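# Structure assessment
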Amino acid sequence: MKITRFTAWLVEVDAGPRFIWRNGLSGSHGDIPPGTRPRKAVIRMDTDAGISGAFEIGRGDAVVDLVRRRYHNFIGENPLLTERLWHLVWEVDRVEEIHMRALGILDQLCWDVKSQAAGMPIYQMLGGNDPKVPAYASTVTWPTLDEYERYIKMCHDIGFKAFKLHAWGDVKRDIELSTKLREWVGPDADLMFDGSAGWDYVDALEVGRALQDLDFLWYEEPMREFYLGSYTKLCEKLKIPVLAAETSDGVHWNMASWIEAKALDMTRISTFYKGGFTGAMKIAHMSDSFGMRAQVHGMGLENAQLCAAVRNNDYYEQLVMNEEQIRGLDKLGPLSIVDGYLNVSDEPGIGYRFDWDELDRTALNKVEVTERF
(Lines give C-alpha, C1' and ligand atoms only; values in the text may rest on other atoms or scores of the structure.)
Protein backbone atom coordinates (compact mmCIF):
# COMPACT_ATOMS: atom_id res chain seq x y z
CA MET A 1 0.00 0.00 0.00
CA LYS A 2 1.23 3.51 -0.83
CA ILE A 3 0.20 7.03 0.08
CA THR A 4 -0.89 8.83 -3.09
CA ARG A 5 -2.34 12.15 -1.95
CA PHE A 6 -2.83 14.55 0.94
CA THR A 7 -5.64 17.08 0.84
CA ALA A 8 -6.03 19.79 3.47
CA TRP A 9 -8.99 22.14 3.82
CA LEU A 10 -8.97 25.31 5.94
CA VAL A 11 -12.41 25.72 7.50
CA GLU A 12 -14.06 28.23 9.81
CA VAL A 13 -15.90 26.70 12.77
CA ASP A 14 -18.12 27.83 15.63
CA ALA A 15 -16.27 29.08 18.70
CA GLY A 16 -18.22 26.93 21.13
CA PRO A 17 -18.98 27.78 24.77
CA ARG A 18 -16.93 30.53 26.37
CA PHE A 19 -15.07 29.57 29.53
CA ILE A 20 -11.99 30.59 31.50
CA TRP A 21 -9.04 28.90 33.20
CA ARG A 22 -7.08 30.14 36.20
CA ASN A 23 -6.22 33.81 36.50
CA GLY A 24 -3.69 34.72 33.83
CA LEU A 25 -4.33 31.74 31.53
CA SER A 26 -6.37 32.23 28.37
CA GLY A 27 -9.73 30.48 28.15
CA SER A 28 -11.65 28.97 25.27
CA HIS A 29 -11.76 32.15 23.17
CA GLY A 30 -8.27 33.37 24.01
CA ASP A 31 -6.82 32.79 20.52
CA ILE A 32 -9.75 34.20 18.51
CA PRO A 33 -9.27 37.84 17.42
CA PRO A 34 -12.40 39.99 17.74
CA GLY A 35 -14.71 39.75 14.75
CA THR A 36 -13.29 36.41 13.56
CA ARG A 37 -14.08 32.72 13.97
CA PRO A 38 -11.63 29.92 14.81
CA ARG A 39 -10.17 27.92 11.94
CA LYS A 40 -9.53 24.19 11.80
CA ALA A 41 -7.82 22.00 9.25
CA VAL A 42 -9.44 18.89 7.82
CA ILE A 43 -6.89 16.51 6.33
CA ARG A 44 -7.43 13.46 4.13
CA MET A 45 -4.76 10.95 3.17
CA ASP A 46 -5.51 8.76 0.14
CA THR A 47 -3.85 5.47 -0.75
CA ASP A 48 -3.55 3.29 -3.84
CA ALA A 49 -5.66 0.67 -2.03
CA GLY A 50 -8.69 2.93 -2.07
CA ILE A 51 -8.63 3.43 1.72
CA SER A 52 -8.48 6.99 3.04
CA GLY A 53 -7.62 8.36 6.46
CA ALA A 54 -9.24 11.53 7.78
CA PHE A 55 -8.51 13.86 10.66
CA GLU A 56 -9.30 17.35 11.94
CA ILE A 57 -7.26 19.69 14.09
CA GLY A 58 -7.24 23.29 15.28
CA ARG A 59 -4.67 25.95 14.36
CA GLY A 60 -5.84 25.39 10.82
CA ASP A 61 -3.72 28.00 9.01
CA ALA A 62 -0.44 26.60 10.33
CA VAL A 63 -1.45 22.98 9.70
CA VAL A 64 -2.55 23.56 6.11
CA ASP A 65 0.73 25.37 5.47
CA LEU A 66 2.67 22.48 7.00
CA VAL A 67 0.93 19.98 4.72
CA ARG A 68 1.59 22.19 1.70
CA ARG A 69 5.31 22.53 2.39
CA ARG A 70 6.32 19.26 4.03
CA TYR A 71 3.94 16.38 3.37
CA HIS A 72 5.44 15.68 -0.05
CA ASN A 73 8.10 13.79 1.96
CA PHE A 74 5.54 11.05 2.68
CA ILE A 75 4.07 10.49 -0.80
CA GLY A 76 4.82 6.91 -1.88
CA GLU A 77 5.38 5.66 1.67
CA ASN A 78 3.49 2.67 3.06
CA PRO A 79 0.98 3.95 5.67
CA LEU A 80 0.96 0.56 7.37
CA LEU A 81 4.56 1.14 8.47
CA THR A 82 3.53 3.47 11.25
CA GLU A 83 6.80 3.19 13.16
CA ARG A 84 8.84 4.18 10.11
CA LEU A 85 6.60 7.14 9.31
CA TRP A 86 6.53 8.30 12.92
CA HIS A 87 10.31 8.65 12.86
CA LEU A 88 10.26 10.34 9.44
CA VAL A 89 8.04 13.05 10.95
CA TRP A 90 10.69 13.65 13.61
CA GLU A 91 13.28 14.07 10.87
CA VAL A 92 11.11 16.86 9.44
CA ASP A 93 10.66 18.30 12.94
CA ARG A 94 14.41 18.72 13.30
CA VAL A 95 14.34 21.62 10.85
CA GLU A 96 10.67 22.57 11.02
CA GLU A 97 10.05 22.70 14.81
CA ILE A 98 6.54 21.36 14.26
CA HIS A 99 3.92 22.42 16.80
CA MET A 100 3.35 19.61 19.32
CA ARG A 101 -0.28 19.21 18.29
CA ALA A 102 0.74 18.72 14.66
CA LEU A 103 3.47 16.13 15.29
CA GLY A 104 0.92 13.31 15.46
CA ILE A 105 -1.21 14.17 12.43
CA LEU A 106 0.46 11.75 10.01
CA ASP A 107 0.56 8.99 12.63
CA GLN A 108 -3.16 9.28 13.28
CA LEU A 109 -3.97 9.30 9.57
CA CYS A 110 -1.90 6.15 9.16
CA TRP A 111 -3.56 4.39 12.10
CA ASP A 112 -6.94 5.33 10.65
CA VAL A 113 -5.99 3.58 7.39
CA LYS A 114 -4.27 0.68 9.15
CA SER A 115 -7.31 0.02 11.31
CA GLN A 116 -9.68 0.09 8.35
CA ALA A 117 -7.41 -2.24 6.37
CA ALA A 118 -7.36 -4.73 9.26
CA GLY A 119 -11.07 -4.39 10.03
CA MET A 120 -10.26 -3.87 13.72
CA PRO A 121 -10.69 -0.93 16.11
CA ILE A 122 -7.54 1.03 16.79
CA TYR A 123 -7.53 0.27 20.52
CA GLN A 124 -7.35 -3.47 19.80
CA MET A 125 -4.51 -2.97 17.33
CA LEU A 126 -2.60 -0.98 19.97
CA GLY A 127 -2.85 -3.93 22.34
CA GLY A 128 -6.32 -3.56 23.80
CA ASN A 129 -7.30 -3.32 27.46
CA ASP A 130 -10.97 -2.48 28.04
CA PRO A 131 -13.46 -0.54 25.87
CA LYS A 132 -15.54 0.42 28.92
CA VAL A 133 -13.61 3.31 30.45
CA PRO A 134 -14.61 5.26 33.58
CA ALA A 135 -14.73 9.01 32.98
CA TYR A 136 -13.96 11.91 35.28
CA ALA A 137 -15.61 15.31 35.19
CA SER A 138 -12.88 17.85 34.50
CA THR A 139 -14.04 21.36 35.40
CA VAL A 140 -13.38 24.65 33.73
CA THR A 141 -12.77 27.56 36.11
CA TRP A 142 -16.06 28.98 37.36
CA PRO A 143 -16.12 32.37 39.11
CA THR A 144 -17.70 31.31 42.41
CA LEU A 145 -17.76 28.51 44.92
CA ASP A 146 -21.52 28.21 44.44
CA GLU A 147 -21.08 27.51 40.73
CA TYR A 148 -18.55 24.78 41.44
CA GLU A 149 -20.96 23.19 43.89
CA ARG A 150 -23.88 23.38 41.49
CA TYR A 151 -22.12 21.89 38.48
CA ILE A 152 -20.17 19.25 40.39
CA LYS A 153 -23.33 18.00 42.10
CA MET A 154 -24.99 17.93 38.69
CA CYS A 155 -22.14 15.74 37.38
CA HIS A 156 -22.41 13.53 40.48
CA ASP A 157 -26.14 13.10 39.88
CA ILE A 158 -25.64 11.84 36.31
CA GLY A 159 -23.14 9.19 37.36
CA PHE A 160 -19.64 10.66 37.60
CA LYS A 161 -17.61 9.16 40.43
CA ALA A 162 -14.38 11.08 39.77
CA PHE A 163 -13.74 14.81 39.51
CA LYS A 164 -10.84 17.11 38.63
CA LEU A 165 -10.57 20.77 39.55
CA HIS A 166 -9.21 23.54 37.38
CA ALA A 167 -9.32 26.23 40.06
CA TRP A 168 -8.45 29.91 40.43
CA GLY A 169 -4.69 29.92 40.97
CA ASP A 170 -5.13 31.38 44.46
CA VAL A 171 -3.57 29.12 47.09
CA LYS A 172 -6.00 29.77 49.96
CA ARG A 173 -9.15 29.77 47.82
CA ASP A 174 -8.05 26.67 45.92
CA ILE A 175 -7.44 24.76 49.16
CA GLU A 176 -10.88 25.82 50.37
CA LEU A 177 -12.45 24.67 47.09
CA SER A 178 -10.64 21.33 47.27
CA THR A 179 -11.90 20.81 50.81
CA LYS A 180 -15.46 21.61 49.69
CA LEU A 181 -15.17 19.22 46.76
CA ARG A 182 -14.44 16.35 49.13
CA GLU A 183 -17.50 17.30 51.20
CA TRP A 184 -19.75 17.52 48.13
CA VAL A 185 -18.92 14.13 46.62
CA GLY A 186 -18.02 12.04 49.66
CA PRO A 187 -15.07 9.91 50.74
CA ASP A 188 -15.23 7.31 47.95
CA ALA A 189 -14.90 9.57 44.90
CA ASP A 190 -11.55 9.88 43.13
CA LEU A 191 -10.42 13.52 43.12
CA MET A 192 -7.72 15.26 41.13
CA PHE A 193 -6.37 18.81 41.04
CA ASP A 194 -4.81 20.50 38.00
CA GLY A 195 -2.70 23.54 38.82
CA SER A 196 -2.34 24.46 35.13
CA ALA A 197 1.32 25.31 35.77
CA GLY A 198 0.41 28.35 37.83
CA TRP A 199 2.72 28.26 40.85
CA ASP A 200 6.28 28.31 42.05
CA TYR A 201 7.67 25.60 44.33
CA VAL A 202 6.57 27.14 47.66
CA ASP A 203 2.93 27.55 46.65
CA ALA A 204 2.89 24.19 44.91
CA LEU A 205 4.12 22.51 48.08
CA GLU A 206 1.47 24.16 50.26
CA VAL A 207 -1.38 23.12 47.97
CA GLY A 208 0.04 19.63 47.55
CA ARG A 209 0.11 19.04 51.30
CA ALA A 210 -3.53 20.06 51.55
CA LEU A 211 -4.51 17.76 48.68
CA GLN A 212 -2.78 14.75 50.16
CA ASP A 213 -4.61 15.32 53.46
CA LEU A 214 -7.85 15.26 51.45
CA ASP A 215 -6.82 11.95 49.82
CA PHE A 216 -6.75 13.23 46.24
CA LEU A 217 -5.76 10.67 43.60
CA TRP A 218 -3.24 12.94 41.89
CA TYR A 219 -1.79 16.46 41.82
CA GLU A 220 -1.34 17.64 38.24
CA GLU A 221 1.05 20.14 36.73
CA PRO A 222 1.39 22.61 39.63
CA MET A 223 4.43 24.30 38.01
CA ARG A 224 5.75 24.96 34.53
CA GLU A 225 7.54 22.05 32.87
CA PHE A 226 10.79 24.05 32.96
CA TYR A 227 11.15 23.54 36.75
CA LEU A 228 12.49 20.00 36.64
CA GLY A 229 14.57 20.36 39.82
CA SER A 230 11.62 21.79 41.73
CA TYR A 231 9.45 18.92 40.55
CA THR A 232 12.02 16.51 41.94
CA LYS A 233 11.91 18.26 45.32
CA LEU A 234 8.12 18.32 45.26
CA CYS A 235 7.92 14.57 44.66
CA GLU A 236 10.32 14.02 47.57
CA LYS A 237 8.21 16.12 49.93
CA LEU A 238 4.72 14.90 49.00
CA LYS A 239 2.96 11.57 49.34
CA ILE A 240 0.26 12.43 46.80
CA PRO A 241 1.28 11.32 43.28
CA VAL A 242 2.49 14.19 41.10
CA LEU A 243 1.36 14.07 37.47
CA ALA A 244 3.44 16.19 35.09
CA ALA A 245 5.15 16.62 31.69
CA GLU A 246 1.84 17.24 29.94
CA THR A 247 3.14 19.89 27.55
CA SER A 248 6.84 19.08 27.40
CA ASP A 249 8.21 18.41 23.93
CA GLY A 250 10.02 15.23 22.94
CA VAL A 251 7.58 12.37 23.71
CA HIS A 252 9.28 9.34 25.33
CA TRP A 253 12.79 10.78 25.09
CA ASN A 254 11.76 13.74 27.22
CA MET A 255 9.63 11.59 29.52
CA ALA A 256 12.64 9.40 30.20
CA SER A 257 14.44 12.50 31.54
CA TRP A 258 11.52 13.22 33.89
CA ILE A 259 11.49 9.65 35.17
CA GLU A 260 15.28 9.61 35.57
CA ALA A 261 15.08 12.86 37.55
CA LYS A 262 12.32 11.40 39.77
CA ALA A 263 10.33 14.52 38.91
CA LEU A 264 6.92 12.85 38.61
CA ASP A 265 4.97 9.84 39.88
CA MET A 266 2.56 9.54 36.96
CA THR A 267 3.18 10.36 33.31
CA ARG A 268 0.90 12.23 30.92
CA ILE A 269 -0.01 10.87 27.50
CA SER A 270 -2.27 12.05 24.70
CA THR A 271 -2.53 11.70 20.95
CA PHE A 272 -2.28 15.47 20.42
CA TYR A 273 0.71 16.44 22.60
CA LYS A 274 2.72 13.22 22.38
CA GLY A 275 2.97 12.42 18.69
CA GLY A 276 -0.21 10.50 17.93
CA PHE A 277 -0.99 6.93 18.91
CA THR A 278 2.57 5.71 18.37
CA GLY A 279 4.16 8.35 20.59
CA ALA A 280 1.57 7.97 23.35
CA MET A 281 2.01 4.20 23.44
CA LYS A 282 5.79 4.57 23.69
CA ILE A 283 5.31 6.60 26.87
CA ALA A 284 2.63 4.23 28.22
CA HIS A 285 4.88 1.19 27.80
CA MET A 286 7.92 2.94 29.22
CA SER A 287 5.87 4.08 32.22
CA ASP A 288 4.57 0.57 32.75
CA SER A 289 8.12 -0.74 32.91
CA PHE A 290 8.70 1.61 35.88
CA GLY A 291 5.44 0.59 37.54
CA MET A 292 3.99 4.02 36.78
CA ARG A 293 0.55 4.99 35.54
CA ALA A 294 0.21 6.86 32.24
CA GLN A 295 -2.88 9.07 32.43
CA VAL A 296 -4.57 10.05 29.16
CA HIS A 297 -5.06 13.81 28.81
CA GLY A 298 -8.01 15.28 26.96
CA MET A 299 -11.06 14.21 25.04
CA GLY A 300 -11.93 13.20 21.50
CA LEU A 301 -12.22 10.15 19.26
CA GLU A 302 -8.46 9.55 19.25
CA ASN A 303 -7.94 9.75 23.01
CA ALA A 304 -10.96 7.52 23.57
CA GLN A 305 -9.23 4.79 21.57
CA LEU A 306 -6.05 5.42 23.55
CA CYS A 307 -7.92 5.06 26.86
CA ALA A 308 -9.28 1.68 25.78
CA ALA A 309 -5.81 0.50 24.77
CA VAL A 310 -3.69 1.49 27.77
CA ARG A 311 -3.65 -0.78 30.82
CA ASN A 312 -2.02 1.71 33.17
CA ASN A 313 -4.50 4.54 32.54
CA ASP A 314 -7.32 5.16 35.02
CA TYR A 315 -9.84 7.45 33.32
CA TYR A 316 -11.16 9.26 30.25
CA GLU A 317 -11.14 13.02 30.81
CA GLN A 318 -14.44 14.78 30.09
CA LEU A 319 -14.48 18.56 30.25
CA VAL A 320 -17.61 20.01 31.88
CA MET A 321 -18.54 23.63 31.16
CA ASN A 322 -22.18 24.54 31.73
CA GLU A 323 -25.58 23.00 32.44
CA GLU A 324 -26.61 22.50 28.82
CA GLN A 325 -23.32 20.79 27.95
CA ILE A 326 -23.37 18.58 31.05
CA ARG A 327 -26.98 17.49 30.41
CA GLY A 328 -26.01 16.52 26.87
CA LEU A 329 -23.02 14.31 27.67
CA ASP A 330 -25.09 11.17 27.07
CA LYS A 331 -25.93 12.33 23.53
CA LEU A 332 -22.46 12.55 21.99
CA GLY A 333 -22.63 9.43 19.84
CA PRO A 334 -19.42 7.39 20.20
CA LEU A 335 -18.20 9.81 22.89
CA SER A 336 -21.32 9.63 25.08
CA ILE A 337 -20.82 9.40 28.83
CA VAL A 338 -23.48 7.19 30.43
CA ASP A 339 -23.54 6.53 34.18
CA GLY A 340 -19.98 7.79 34.43
CA TYR A 341 -18.56 5.54 31.69
CA LEU A 342 -17.42 5.90 28.10
CA ASN A 343 -17.99 2.86 25.91
CA VAL A 344 -15.35 3.13 23.20
CA SER A 345 -16.39 2.33 19.65
CA ASP A 346 -15.48 -1.03 18.12
CA GLU A 347 -15.69 0.39 14.59
CA PRO A 348 -12.46 0.36 12.57
CA GLY A 349 -10.76 3.72 12.09
CA ILE A 350 -10.77 6.89 14.15
CA GLY A 351 -14.34 7.69 13.16
CA TYR A 352 -14.29 11.11 11.46
CA ARG A 353 -16.92 11.53 8.75
CA PHE A 354 -16.83 14.51 6.38
CA ASP A 355 -18.83 15.74 3.41
CA TRP A 356 -15.99 16.34 0.98
CA ASP A 357 -18.16 18.25 -1.52
CA GLU A 358 -19.34 20.55 1.25
CA LEU A 359 -15.75 21.16 2.32
CA ASP A 360 -14.85 22.06 -1.27
CA ARG A 361 -17.70 24.61 -1.30
CA THR A 362 -17.05 26.21 2.08
CA ALA A 363 -13.30 25.96 2.72
CA LEU A 364 -11.28 29.15 2.92
CA ASN A 365 -8.35 27.34 1.33
CA LYS A 366 -7.61 23.91 -0.10
CA VAL A 367 -4.19 22.33 -0.61
CA GLU A 368 -3.37 19.11 -2.47
CA VAL A 369 -0.05 17.27 -2.36
CA THR A 370 0.43 14.47 -4.88
CA GLU A 371 4.13 14.37 -5.76
CA ARG A 372 7.31 13.70 -3.84
CA PHE A 373 10.13 16.18 -4.50
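For the structure itself, consult the block above.
This text gives an overview of the structure that appears in the document. Source: prediction; values computed, not measured.

This part covers helix α1 (residues 60-70). Along α1, the positions that sit buried rather than exposed are Gly60, Val63, Val64, Leu66 and Val67. Axial view of α1: buried residues confined to an arc of 155°, hence all on one face. Considering only its buried residues, α1 is in contact with β1 (3-12), β2 (39-47), β3 (52-57), α2 (82-96), α3 (105-118) and β14 (365-369).

Another point: the packing of aromatic side chains. Under the criterion given, the structure shown has 19 aromatic pairs. When the ring of Trp9 is compared with that of Trp356, the centres are 5.1 Å apart and the planes differ by 25°; the resulting orientation is stacked. Taken together, the residues Trp9 in strand β1 and Trp356 in helix α13 (residues 356-362) connect sequence positions 347 residues apart. Judged by centre distance (5.0 Å) and plane angle (75°), the ring pair of Phe272 and Tyr273 falls under edge-to-face. The pair Phe272 / Tyr273 is uniform in exposure class, with both members buried. The rings of Trp9, Phe55, Tyr352, Phe354 and Trp356 are connected pair by pair, giving a single aromatic cluster. Its end group placed over the ring of Trp111, Lys114 keeps NZ or CZ at 4.4 Å from the ring centre. A cation sits over an aromatic face here: Lys282 above Trp86, 5.1 Å from the ring centre.

Attention now goes to the packing of α1 against α2. Running from N to C, α1 and α2 cross one another at 105°; their axes reach a closest spacing of 13 Å. It follows that α1 is roughly perpendicular to α2 by the angle criterion. Contact residues: α1 offers Leu66, Arg69 and Arg70, while α2 offers Val92, Val95 and Glu96. Considered class by class, the residues forming the contact of α1 with α2 number three nonpolar, no polar and three charged.

Conventions we followed
- Residues numbered from 1 in each chain as written.
- Predicted model: local features only at pLDDT ≥ 70, side-chain atom pairs only at ≥ 80, totals over all residues.
- Heavy atoms only, no water.
- Buried < 20%, exposed > 50% of the residue type's maximum accessible area, 1.4 Å probe, protein only.
- Helix = DSSP H or I, 4+ residues; strand = E, 2+ residues; numbered from the N terminus.
- Arc of directions from axis to C-beta.
- Contact = heavy atoms within 4.5 Å.
- Phe/Tyr/Trp six-rings, centres within 6.5 Å; stacked < 30°, edge-to-face > 60°.
- Lys NZ or Arg CZ within 6 Å of the ring centre and 35° of its normal.
- Axes fitted to C-alpha atoms, helices over the stretch in contact; angles between N-to-C directions.
- Parallel < 35°, antiparallel > 145°, perpendicular 65-115°, else oblique.
- Nonpolar A, V, L, I, M, F, W, Y, C, P; charged D, E, K, R; others polar.

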